[in-house]
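The primary structure of each chain is shown beneath.
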Amino acid sequence: MHQPTTSDVSMYSKPVNEYPRSIIEQLISVIPFYKQVRQQDNWQFELLLQHSRVLGFEPGESVVEQGAEGSWLYFLLKGQLEVLAGENAQTVNYITPGELFGDLAMLLKTERSATIKADENCREILVFATDFSLFGVLEDTHQVSLATKLTYYRNLNHSLRWKLEVYRSKYPEHPLADQHRSVKLYRGDKDTKEELSALHAQACNLGELLVEWNQAFGRLTLVGNRAPAKQLLAEISG
């Protein structure tokens, strides 16, 4: 596994096996994808953890840089992150504990659309990160199984549709409001490579629509994310 790139420089970066296993499992149990993989295939769950790290950032430090490429999926455990975009790097939003980020750039194979920095007002910022380069090409299931990939894309599609519905509810008259509903659900045989291909295509279409919404209104501030419990975070704080 390669380390986070220079655009992902952190105060510290530790593999998850340096922390109590029970604590790590509880911290990421609020993420549906990891929780479901653990339930269905422990070997695949172990593989994900082997390619994961806990990152700590100081106030003002960059997590990702706009324009950079990356294969890492991030989950904010503690603190707050500032999202900066545009030529003047203006603050357009914040990421709060319980939020996943980095998935759109990975899905669409695009450069990072914004710089994300640790908020200057937070003393400690902790991020759980997984290197998704281990997924390889979509059709390759020798390392990451078909079941695990299906679980990822089912969750991703659910998340994207939910975010697009939130935008639709806020701006029902906007030309983009109903476009995601024309992206049809898969109706074929389940648990097949055909389903995986269809889910990936759906996610790309939905992801492109979400990018358009984000460009028009700025990244959504979402509510209802399940942040990790404070007593668990105390166990891994540096």
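Colleague: So what's going on with the packing of aromatic side chains? Which residues, and what values?
Modeller: Within this structure, the stated rule accounts for 15 aromatic pairs. Aromatic pair Phe-132 and Tyr-152: ring centres 5.2 Å apart, planes at 45°, arrangement tilted. Taken together, the residues span a long stretch of sequence, with Phe-132 in the loop between β9 (125–131) and α5 (146–170) and Tyr-152 in helix α5 at a distance of 20 residues. The residues Phe-132 and Tyr-152 share a single accessibility class, namely buried. Here Phe-135 and Tyr-152 contribute two aromatic rings whose centre-to-centre distance is 5.5 Å and whose plane-to-plane angle is 75°, an arrangement assigned as edge-to-face. Of the two residues, Phe-135 sits in the loop between β9 and α5 while Tyr-152 sits in helix α5, which places them 17 residues apart along the sequence. A relative accessible area of 8% places Phe-135 in the buried class.

Colleague: Pulling in residues and values, what's your account of the sheet that holds strand β7 (residues 100–101)?
Modeller: Taken in spatial order, the five strands make up an open sheet running β1-β2-β9-β4-β7, and their pairing is antiparallel. A strand with exactly one partner marks an edge of an open sheet, and here the two such strands are β1 (12–15) and β7. Pairing geometry for β1 and strand β2 (residues 52–57), over four bridges, is antiparallel. For Tyr-12, the partnering residue across the bridge sits in β2 and is Gly-56.

Colleague: Give a detailed account of the side chain of Arg-112, specifying residues and quantitative values.
Modeller: One can find Arg-112 in the loop between α4 (103–108) and β8 (115–118). A distance of 3.2 Å separates a polar side-chain atom of Arg-112 from the backbone oxygen of Trp-72. Beyond its immediate stretch of four places on either side in the chain, Arg-112 contacts Val-64, Glu-65, Gln-66, Gly-67, Ala-68, Gly-70, Ser-71, Trp-72, Tyr-74, Gly-102 and Ala-105.

Colleague: Hey, could you go over the side chain of Thr-148 for me, with residue numbers and the actual values?
Modeller: Locating Thr-148 in the fold gives a position in helix α5. One polar contact links Thr-148 to Gln-44, side chain to side chain, over a distance of 2.8 Å. The residues contacting Thr-148, other than those within four sequence positions of it, are Phe-33, Val-37, Gln-40 and Gln-44.

Colleague: Before we move on, could you go through the nonpolar core and cite the residues and values that matter?
Modeller: Core analysis: the largest hydrophobic core is formed by 51 residues, its most contacted members being Tyr-34, Phe-128, Tyr-152 and Tyr-153. In contact with Phe-128, not counting residues within four places along its chain, are Val-16, Ile-24, Ile-28, Tyr-34, Leu-49, Ser-52, Arg-53, Val-54, Leu-73, Tyr-74, Phe-75 and Leu-77. Ranked by size, the runner-up nonpolar core spans 18 residues in total, among them Val-83, Phe-101, Val-127 and Ala-129.

Colleague: Go over the packing of α5 against helix α6 (residues 193–217), please, and point to the residues and values.
Modeller: Put simply, α5 and α6 touch, their axes get as near as 9 Å, and they point 30° apart. By the angle between their axes, α5 is roughly parallel relative to α6. As for the relative orientation of α5 and α6, their crossing is left-handed in sense. For the contact of α5 with α6, the residue count by class is 15 nonpolar, five polar and six charged.

What counts and what doesn't
- Residues numbered from 1 in each chain as written.
- Predicted model: local features only at pLDDT ≥ 70, side-chain atom pairs only at ≥ 80, totals over all residues.
- Heavy atoms only, no water.
- Phe/Tyr/Trp six-rings, centres within 6.5 Å; stacked < 30°, edge-to-face > 60°.
- Helix = DSSP H or I, 4+ residues; strand = E, 2+ residues; numbered from the N terminus.
- Buried < 20%, exposed > 50% of the residue type's maximum accessible area, 1.4 Å probe, protein only.
- Pairing = 2+ DSSP bridges.
- Polar contact = N/O pair within 3.5 Å; in protein donor to acceptor, adjacent residues only side chain to side chain.
- Contact = heavy atoms within 4.5 Å.
- Core = buried A, V, L, I, M, F, W, Y, C linked by side-chain atoms within 4.5 Å.
- Axes fitted to C-alpha atoms, helices over the stretch in contact; angles between N-to-C directions.
- Parallel < 35°, antiparallel > 145°, perpendicular 65-115°, else oblique.
- Left-handed = near helix turned anticlockwise from the far one by under 90°.
- Nonpolar A, V, L, I, M, F, W, Y, C, P; charged D, E, K, R; others polar.

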